[in-house]
Every structure is written in C-alpha cells, then in structure tokens.
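Single-letter residue listing:
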Protein chains: 2
Amino acid sequence: MAKRNNKLKIIPLGGLGEVGKNITVIEYNDDIVVIDCGLIFPEDEMLGIDMVIPDITYLLKNREKVRAIVLTHGHEDHIGALPYVLKKINVPIYGTKLTLGLVENKFKEHNITNAKLNIIKPNDIINLGCFNIEFIKTAHSIPDSVALAIHTPIGTVVHTGDFKIDYTPINNNMIDLHKFAEIGSKGVLALLADSTNVERPGYTMSEKTVGATFNDIFLMADQRIIVATFASNIHRIQQIVNSAVLFGRKVVVSGRSMVNVINVALELGYLNIPDGTLIDINDMNNFPYNEIVVITTGSQGEPMSALSRMAYSEHRKLELVPGDLVIISATPIPGNEKTVSRVINQLMEKGANVIYESLADVHVSGHACQEELKLIHTLVNPKYFIPVHGEYRHLKRHAQLAEELGMDKENIFIAQNGSVIEFTPDSAHFGPSVTSGNILVDGLGIGDVGNIVLRDRKHLSEDGLIVVVVTISKQDGTVIAGPDIISRGFVYVRESEDLMEESRAVVKEVLDECVKNHITDWATLKSNIRDGLRGFIYEKIKRNPMILPIIMEV
Amino acid sequence: MAKRNNKLKIIPLGGLGEVGKNITVIEYNDDIVVIDCGLIFPEDEMLGIDMVIPDITYLLKNREKVRAIVLTHGHEDHIGALPYVLKKINVPIYGTKLTLGLVENKFKEHNITNAKLNIIKPNDIINLGCFNIEFIKTAHSIPDSVALAIHTPIGTVVHTGDFKIDYTPINNNMIDLHKFAEIGSKGVLALLADSTNVERPGYTMSEKTVGATFNDIFLMADQRIIVATFASNIHRIQQIVNSAVLFGRKVVVSGRSMVNVINVALELGYLNIPDGTLIDINDMNNFPYNEIVVITTGSQGEPMSALSRMAYSEHRKLELVPGDLVIISATPIPGNEKTVSRVINQLMEKGANVIYESLADVHVSGHACQEELKLIHTLVNPKYFIPVHGEYRHLKRHAQLAEELGMDKENIFIAQNGSVIEFTPDSAHFGPSVTSGNILVDGLGIGDVGNIVLRDRKHLSEDGLIVVVVTISKQDGTVIAGPDIISRGFVYVRESEDLMEESRAVVKEVLDECVKNHITDWATLKSNIRDGLRGFIYEKIKRNPMILPIIMEV
C-alpha cells in the first residue's frame, strides 16, 4: 500500500503520443478514479492485430483503490477497452444515458452481465472516495458528451473530454460555457484538454452547416441518395433524416453498427424519426429510387463495410445503379486515405455520382480548433495545464498555445503514457513513471502477440518462407530422407524450378559438410543450413525469406 | 503484322486508374512512339514488393514498329521503368538534357551501357516514322519538363505531360503558352492532359512563394536549419540555396539521391551554387550551427531516408540538437500521411522545431489546378479529349471539366490501361483492348511474384504459420516420428504451451483416424491434418494461421 502523501497524481495510461486508447488515472491517497477506457486501432505494422487496448497493470496493482470508471462519451477510443478491462477489475461505471446505452450494447456482445452501470446527467455531482465529480455538458460528434470537473482535496481538475464549441447545435445541446466559466472563476488547479485539432486555426464549423449542405444536395437530386457516415454521429444521422423528411424520401439503414446505434438512439430518445419514414431495406424496391435515402456505414472505406460491399457489388440487398448519388459524410482518418479513395473510384466506376469532403461541405470535425481551445483555456483559467488526446506534435502545439495565452512554461506538462504528474496545492512535478503500454488483441488472444510474433509476421509478409526438412538417423546422424524444400509467399514455384533445385543442392552440400566435420548438434546443423541457404538466395535474387530448418530423427 | 488501316491509335499502357506508371503508345500503321516509361510504388497489400512496372507485352509483340521512347520529364513515374523495358526493347530515347542526365544516372546503377540517348530542346521538332514530334516548354516540380505535340498523318495530338502554369517561375522557365496557342489555332485532333490536381479549384501557387516563405523563416532562425524535400525538385533546392546565401549560411547535402541529383544538376547547369557555399557534411562542425543549412531526403518519412535516420538518432554524420529547425518542404503523397507524421513526432521529441505544410507555405504542388487546366483546354481547343494521369475519380472529374468548357460528351474518352482509342480525321471510338497490367519487381525478380505469392504473404502476415511435420513408414504408413509442430508469427509459444500441446494431440488423432481408415495418399492425409487443426485453432483462439503439413517417408 502506498504512503498517504496527500499528493494528487494524474497518470495518463493511454491517449498521449497517440490518437486513441484514452484512459487517465486520478489518484489521491487511497482513492483512484479512472477517466475513460478506450481502444486504438492497430498501426499498419501491427500485422493481423484487431485492436490495441491499454496495459492496466497499474490499476490491477492498486485495485482496492479504484472507485469507478467515469466516461466522457461513447466513442470507441473512450469506451472500447471496457469489456477487456472489466473482466479484470469490475468497478462501477458512470456515464450519460447514451454513452451507457452504447456500453451496454457492447457488453451484450461480450456476454458481460455483471457490470455496474450508473447513469449521470450534466450538472450532476457524484461522490467517489475523496473526489466530487461534476459533469459539464459539451458538444462533440456524438450526443451526450461531457467534460468533468474533479473536485479533489487539493483543488479542481477539469478534463474536457473530446469537445468542440457549437453555437447552433442539433437538438440545442449547447456546450455549457457558463459552467466552465463558473468553475474557472472559483479556481482550477489543472486543465486536461483535447489536442486533436490544435494544429487547425480558427473555429470548427457548426454541425448545422452540414444539414444545409444536405438540403442543397437533396433539392437537386433526382435519384437514390446513399449517405455514408460514422454510426455514432447521431446528430449527422438526424440531419440526414430531416432532409429526407423535408424532401419526401423514405430512410433505409444499412450496416450492422449503423442498425445497432440507430436502435439504441431511437430507444433512448436521441433520434427523432417520424413514423413511416424508416423502412426495411427489403421494402426499398417498393418505392421509386428518387424517394429513397440509404444511411450506411463505410465512410472510412473499411473493406467489409456496407458501402464497400455496394461498391464491389457484394451487398446482398442493394445493387448500385448508374446515377445513384453517394455522399461520403466524413473525412478519412489519417491512414485511411487510400482505402477511402479506392472506394470512391469503385463507386464511380459503377456509375454512381460521389460527393466527398473536397467537393462540398458534407462534414465537420467534432474537435475544437485553436480559437475554441483558447476560449476554454481562458474560461477555465487553470494554474497547470496537461495537453491530452494527441500525438506528440499535437501536445507540443497545444502547450505552445497555452504559452501564447500567458501560462508559464513550467506550469505546462507534456506527458507520456505512464507519466505521473504529482500536485500539491501550490506545486507540480513529474514523479516516477508507472507501467503503461499496448496490449494487442488478435482474435480471442489478448496479449499473446508481441514484438517477436509481429517481427516474424513482418518477415514472412515481405519475402515469404522456405521450410527445409531433413530426416536423419538416430544412430549415426546420416541423412535418411530429404532435404525437402517447401516455400510459401516466396516465388512462383513453377517458374522458379531451377532456383528450388539449386537451393536443395546447397542444403545437401551444407549437410555433407556437417557430416564430414562430425557436426551433429541440431542447433549448429540448423544454423548452418540457414546461413548457407540465406547467402545463396540473397545472391541469386536479392530476397531474404524466412528460412525454417526442421530436423526429424528416426 | 497488323493491317494498314490508316487509323491513329492511342493506347495508354499505364497511368490510368492510378497515379504513376505512366506510359502511352501512339500508333499509326507501321509506326509506334511511346511516351514515358514510368514505375509506380506498390500498394500496401503488395507485401514485400519494391516497385511495379508496366506490362509491355503489346510493345514486344509490335517491336519492329517501335521507333522511340519520348520522355516528358525525369520523375520516377515517367522514367523509372526504363531500365527494365530497355533490356527487352532497346529503342532510341528522346528527352531534355536534365531528363536524360537522370536517366543516364539510373542506367549506370543498372549497368546499362548501350542506351541510345538523344537530347532535345523545347521547340525542337523530330521525325519518328510518320510522326513529327514537337516539344513545348512547361513548368513542373522538376526543371526541363516538356509537353508534346505529335503531328500525325491525320492530325495533331497534344500530350501535356505533368505540368502547372507558373507565371513567375524560378530561372524564368515560363511554360510556353504561346506555343500551345499557336498549335491550338492550327487545329488539334486530341488532347491528353494531366488530371492529378483536377479536384482542386483555383490555381497552384507559384514556386516563388515558397522562396519567400524560406526567407521569412531563415530571417528569424538562430539555429541550424534542416530542409527536407524531393531530390528532383531542383527549383526548390535552388531556392533553399538562395536563402542560405542571402543569410550567410553554408549548405550541406545529405541522402544518397539528394547527392546524386544535385551533382547531375550542377554538372548540367540546372543549379547555381556560389563557390564556397557547398561544404562537406564532415566539415559541418567547423561552423557555428546558425551558419548551416542541411538539404536532405526523407520528406515522405521513408524509413531508411536521411531525415528518418536523423529523427531516430541513426544518422552517422548528423546528430540533432534541441533547437534545430526542420522544414518539411513537401506534402505527404497519399498513403504516406502516417509515416510522415511519425517522423515529425520523433523530430519534435528530439527537441527540434518542425515546420510542415499545415503550419506554413513551405510547399506548392507541381500539378495544374482547375483554372490552369481550363486555360490549357481553351488554348489547345482539341476535338477529342482523353484525361490521363489519375485515378478514376480524377479522370471522371477532368471529363466533367471538359464538358463544362463546352466539349461534347461523346468526344471525351475515359479510358483504362490497355484501352485502344482509334481515330480517323473525323471520328473516334474505342477499339478492342490490348494486354496491359502490373509487373511486380521484388529484389532481382521481375514478375516472379504474382497473386498467389501475394495471397500467401498476406495470409502469413495476418496470423502466421504452423508447420506440422510427420515421418511415416514406407512399408505400412505408420508414424515413425512426430508429429512435430513449429509455429512462426502465430503466438508467443512460451505463453501458449498448452495450445501447442493440444494442437499436437489433435494432429495425432487425425493421423490415428487415417491409419484406422487405411488412408495413405499424401494429399488426403495433408488435407485432413490441415482441416482438423484449422478447426481446432479457430475455435480456441479465433485465428486462422497458414497450416503447412509436411510428410517425410523413410
């Protein structure tokens, strides 16, 4: 048990130096509250990995202190790791109604039935150990997002969550600037704020501008309209519905997560669709195409998504026809540019007209740009600042922004995952770091794929594999069968018969040499085979396949 | 030998539906001229591939007709496949001085000594079979670029190459708008024009604006400056040198291709560096850092490039120090966004200040935007139009642009690689297509990696490999040794000993079953092993590794 040192610790376990996997620990003596519990999607070089979740060793070590996990909103990078974490540490979870609706949905898929979910509303204050946590309404690309004011024994910490400022939001969900001002005027120890869009000058446009664009497009469209967007962007979906109603079109929903989220949102009252507007995809052909709007997943060009299946004629219920108007109401997340572009090309080749962000204002970001950040910094007026949610370039830029607003450089902490920032009422400094990191999820395996496995996958992916099998005699070590050579992912064997035959000869020679020199230990045999063959192949063809020598003894 | 049908054929063998690998065939009866001969860098899913070159089966079938390859400029996507193509069909090559200088450099690396290189200048007219080819000065992100007017027996074809319009170019290399106008006023049968930037409204900014930004930055910098850009962008390099001279800094060059290109450019007079300005990288430390500018490769975040090596402290001659100012004078090519971002983060973590495109105007494109394209269409005033150099979305948009300018839809041909567009003096239509495609280059192998090999690499990369080896008796098919199970890229074996042991048991069971049922043919044995193990593993861990059963007989 750690000493009671009356210090407040803020420990980001994820979300720093990366965009995603957000999880932050707030600790004071015997109490810990965890903010968010997200996943991140794998980098390209994490071959075969499905998702990445945070290493929570620190929480497990301090499990008796953990009072709760508090959620700011329902995006995967804030709630996606919950099913994995909850199996190890089942603490109460707090969040708004929609956030917990999405969490519940997720738990159902994972057969988790013992979660302790607690719905909160903006302006609620809950007590968790020594902390009082106040929820502040914000705006984001999913409804029901909140910021947190964590009142601790030595001062208040404000965590913005993901946010933007939207003066004309859908459903009048205006961010509660008064509350930020009120908390700020009482004195704030530290601010943790979203850095995602800190490189962008100016303001993020209002979500309503997208609705206006939809109306313009719907007005002129005389064919079926298909809109792809993020399933969780319920405001966006509401606006598509609004335009559909305005122009007398029925709404069809396609894609598993879109169906799921729309059901949750309808059930909880976050989406308003007039009776008779929503129709089953199987009934679509009962209406003329110019009376249809399809809302679909796939705005990131995901290969298995509904939109991709439409583009490649693999959708079971919807076949594109020339003239279909496809609107991609999203921006490619960095790294997805090429897959999105491929889907656009494919849709166009099918004769669809495609509208995407570079052609019309069919998307706005959910994150605050520089001027919005300045407003929040000014209202909250904190003593210390920790930029969160971003790669190093974003954190650095956000630190600069705080400096430009007059904050002392020494009061700004650019941290890493696992950093510990320790506060007293009038000081702050980095303490010793704690364990943090990436746990890779591949199928049902959690953490059983690591650097060695990934290195092997990379090696295999680049030049393939050559297996060399040889059976030798137990008695005298002579070769009884083989060497046989099998390759995969290396060359077209049929066109490279000579190369394979020569390779066999090289291995034979190595084995003969070993026999002559009375080398019988398998490790040396294998490494001689590997070295001999590797050198030969590289010289011949400048490739470096994985070489796997296998010795059988009979 | 094809019939003499007096039709002009235009056959794009590469560069359509893709950005790169540009190569176009112009054919009339017994004469063929080839425009450009480029490569394209592999898509992500082409695992392990180094580059992709065009399938030139059509040229080899018609080799006696091919009069020459004519080059528009010296970028890899226009000249990169020459070494491979020339080994199969050694025809004369025509290009401007710098273009051929870069080609020569490339041929040296490939030990090609028998190339027939012919330098041309803008305004030259050369005769190749029935064609007269006129060269027109253009502007692009490499000096000495040209467009072509190909005067054929049935009319003139204009091919823009890659181009932009720059009214204030470096070294006064103004695009020859008068020539375009003159050729246009005489009547043009068909225009082939660059579609790369057709989605961007307005004009591409002048290269000179980048020089002004450099001056602003250099003026305020009190530390070492490191500028990363494309080696071939000699205008950009000239401007960096100009700013260096203006502010009294020495210039250091880093990166193999940067050294190569600068040497060629200096030798041929395309780059002007005052004596004493260029210093060896080994002498850098004889000067204070605020008197140094380093010009380096790596603007695309390429892992082995000089800039990446600096960022990761692996550069042998240059160690970053806090305060170093790094300017990335380029935009990430689609697909490179994440690698560039990673290098930026890494540079910043080393304490460098990094300026990139979203922060300042340190880059302009080399391709024409919409208003520039409209100007060229208007001046050339062609009867027919074929958009080239672009993905389908670009070609489609470019076709729309031509329509907006008043061209008949039927006179616009959105073609694919291998399409044949046949012209008479007053008609044009698609003829039967010819062979075209991608030849994959991996190490020294050209075309020996295809879909099966790539599919195997992808499979191996996602879930790794399990090799099952068993030795059976020649006499009665009983198992003498094994089954042994070896895995790579699958799981951490040490943490999954149970799984591996169970897998062995599953295979043993399959083998016992086979013996019981007198199954002895190897194909069935192997497929039973594969199916049994695959099912078991998928159920256990939801992964699908490649399973490679190997049977030895003694």
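Structural data are supplied above this passage.
Just so it is clear, the structure is predicted and the values come from calculations on it, not from any experiment. The residue numbers shown here count from 1 along each chain, following its written sequence. Chains and ligands are labelled sequentially in the order written, the chains with letters from A and the ligands with numbers from 1. Where local features are concerned, this predicted model is filtered to residues with pLDDT of at least 70; where side-chain atom pairs are given and counted, the filter is 80 or more; whole-chain, interface and lining totals use all residues. Excluded from the side-chain calculations are hydrogens and water; all other atoms, namely the structure's heavy atoms, are used.

Trainee: Lay out the nonpolar core in plain terms, naming residues and giving numbers.
Mentor: Nine residue types can take part in a nonpolar core, namely buried Ala, Val, Leu, Ile, Met, Phe, Trp, Tyr and Cys, and a core is a set of them joined through side-chain atoms within 4.5 Å. Three labels apply to residues, based on accessible area from a 1.4 Å probe with only protein chains included: buried if under 20% of the type maximum, exposed if over 50%, partly exposed otherwise in between. Membership of the largest hydrophobic core comes to 66 residues, with the highest contact counts inside it found for B:L59, B:I69, B:L82 and B:I327. Per-domain counts for this core show at least three residues from each of domain 1 (8-202 + 365-431) and domain 2 (208-355) of chain B. Any two residues whose heavy atoms approach within 4.5 Å are treated as being in contact. Leave out the neighbours within four places in its chain, and B:I327 touches B:F214, B:I217, B:F218, B:I225, B:I226, B:V227, B:A228, B:I355 and B:V362. Grouped together as the second largest cluster of nonpolar side chains are 65 residues, A:I79, A:Y84, A:V251 and A:V261 included. Those domain boundaries reflect an automatic or database domain assignment.

Trainee: Report on the packing of helix α6 (residues 207-220) of chain B against helix α7 (residues 234-246) of chain B, specifying residues and quantitative values.
Mentor: Residue and element names in this part refer to chain B. Axis definition: a line fit to C-alpha positions, over the contact stretch in the case of helices; interaxial angles, taken between N-to-C directions, run 0 to 180 degrees. Elements are defined by DSSP. Helices are runs of H or I of four residues or more, strands are runs of E of two residues or more, and each kind is numbered from the N terminus. Two elements in contact, α6 and α7, have axes separated by 9 Å at closest approach and are oriented at 30°. Viewed along their axes, α6 and α7 adopt a mutual orientation that is roughly parallel. The chirality of how α6 crosses α7 is right-handed. Where α6 approaches α7, its residues E207, K208, V210, G211, F214, N215 and F218 are matched on the opposing element by H235, R236, Q239, I240, S243, A244 and L246. Only Asp, Glu, Lys and Arg are considered charged, only Ala, Val, Leu, Ile, Met, Phe, Trp, Tyr, Cys and Pro nonpolar, and every remaining residue, Gly among them, polar. Residue composition of the contact of α6 with α7, by class: six nonpolar, five polar and three charged. Our angle categories are set so that under 35 degrees counts as roughly parallel, over 145 as roughly antiparallel, 65 to 115 as roughly perpendicular, and the remainder as oblique. In this scheme the handedness of a crossing depends on how the near helix is turned from the far one: anticlockwise by less than a right angle means left-handed, clockwise means right-handed.

Trainee: Before we move on, can you summarise the relation of the copies chain B and chain A with the specific residues and values?
Mentor: Structural alignment of chain B on chain A gives an RMSD of 0.1 Å, achieved by rotating through 180° and translating 0.0 Å along the axis. In symmetry terms, the pair is related by a two-fold rotation axis. Of every C-alpha in chain B, the one belonging to B:S461 sits nearest the axis of rotation, 2.4 Å from it. An overlap of 100% is found between the interface residues of chain B and their copies at the interface of chain A, pointing to a shared contact surface. In superposing the copies, a least-squares fit is computed on C-alpha atoms, taking residues whose pLDDT is at least 70 in both.

Trainee: Could you give an account of unusual backbone geometry, naming the residues involved and the relevant values?
Mentor: For residues other than glycine, phi is negative in most cases, and the peptide bonds are mostly trans. Residue B:P483 is reached from B:G482 by a cis peptide bond, and omega for that bond is 0°. Position of B:P483 relative to the elements: it lies in strand β24 (residues 479-488). Its identity as a non-glycine residue notwithstanding, A:D36 has a phi of 65°, on the positive side. For A:D36, the position within the fold is in the loop between β3 (31-35) and β4 (51-54). With phi around 55°, B:H518 is a residue other than glycine that occupies positive phi space. Within the fold, B:H518 resides in the loop between α14 (497-516) and α15 (522-541).

Trainee: Hey, could you go over the pattern of salt bridges for me, with residue numbers and the actual values?
Mentor: By definition, a salt bridge exists where a carboxyl oxygen of Asp or Glu is found within 4 Å of a side-chain nitrogen of Lys or Arg. One pass over the full model with this rule turns up 52 salt bridges over all chains. Residues A:R534 and A:D531 are paired through a salt bridge, measuring 3.5 Å at the closest nitrogen-oxygen approach. You can see A:R534 and its partner A:D531 sitting in helix α15 (residues 522-541), three residues apart, about one turn around the helix. Note that B:E422 and B:K7 form a salt bridge whose closest N and O atoms lie 3.4 Å from each other. On the criterion of sequence distance, the pair formed by B:E422 in strand β19 (residues 420-424) and B:K7 in the segment before β1 (8-14) is long-range, its members being 415 residues apart. Judged by relative accessible area, B:E422 falls into the buried class, the value being 10%. Bridged by salt links that share partners, the residues A:E43, A:E45, B:K338 and B:R342 form one connected network.

Trainee: Give a detailed account of the interface of chain B and chain A, specifying residues and quantitative values.
Mentor: Listed by partner, the interface residues are 69 residues for chain B and 69 residues for chain A. Two parts placed together each lose some accessible area under a 1.4 Å probe, and adding up what both lose gives the buried area. Looking at the side of chain B facing chain A, the largest losses of area belong to B:R393, B:Y492 and B:M552, adding up to 11% of the total buried there. For the pair chain B and chain A, the number of links is ten salt bridges. A salt bridge links B:R543 to A:D448; the shortest N-O distance between them is 2.5 Å. Counted as a polar contact is a pair of N or O atoms within 3.5 Å, where, for protein atoms, one must be capable of donating a hydrogen and the other of accepting one, and residues adjacent in sequence contribute only when both atoms are in side chains. Where chain B packs against chain A, one counts 29 residue pairs in polar contact (both at pLDDT 80 or more). Elements represented by at least two residues in the side of chain B that touches chain A include exactly α10 (337-349), α12 (392-404), α13 (451-463), β23 (465-472), β24, α15 and β25 (546-553) of chain B. Looking at the side of chain B that touches chain A element by element, the count peaks at nine residues for α13(B). Split by residue class, the side of chain B that touches chain A holds 27 nonpolar, 17 polar and 25 charged.

Trainee: Explain the pairing of strand β21 (residues 438-442) of chain B to me, using residue names and the numbers behind them.
Mentor: Residue and element names in this part refer to chain B. As paired elements, strand β4 (residues 51-54) and β21 share four bridges and run antiparallel to each other. What sits directly across from M51, in β21, is V441. Pairing between strands is defined by DSSP: at least two bridges between the two strands are required. Bridge count for β21 against strand β22 (residues 445-446) is two bridges, and the pairing is antiparallel. Bridge pairing in β22 places D442 opposite G445. Taking the residues between adjacent antiparallel strands as the criterion, β21 and β22 are bridged by two residues, where G443 takes a positive phi near 60°.

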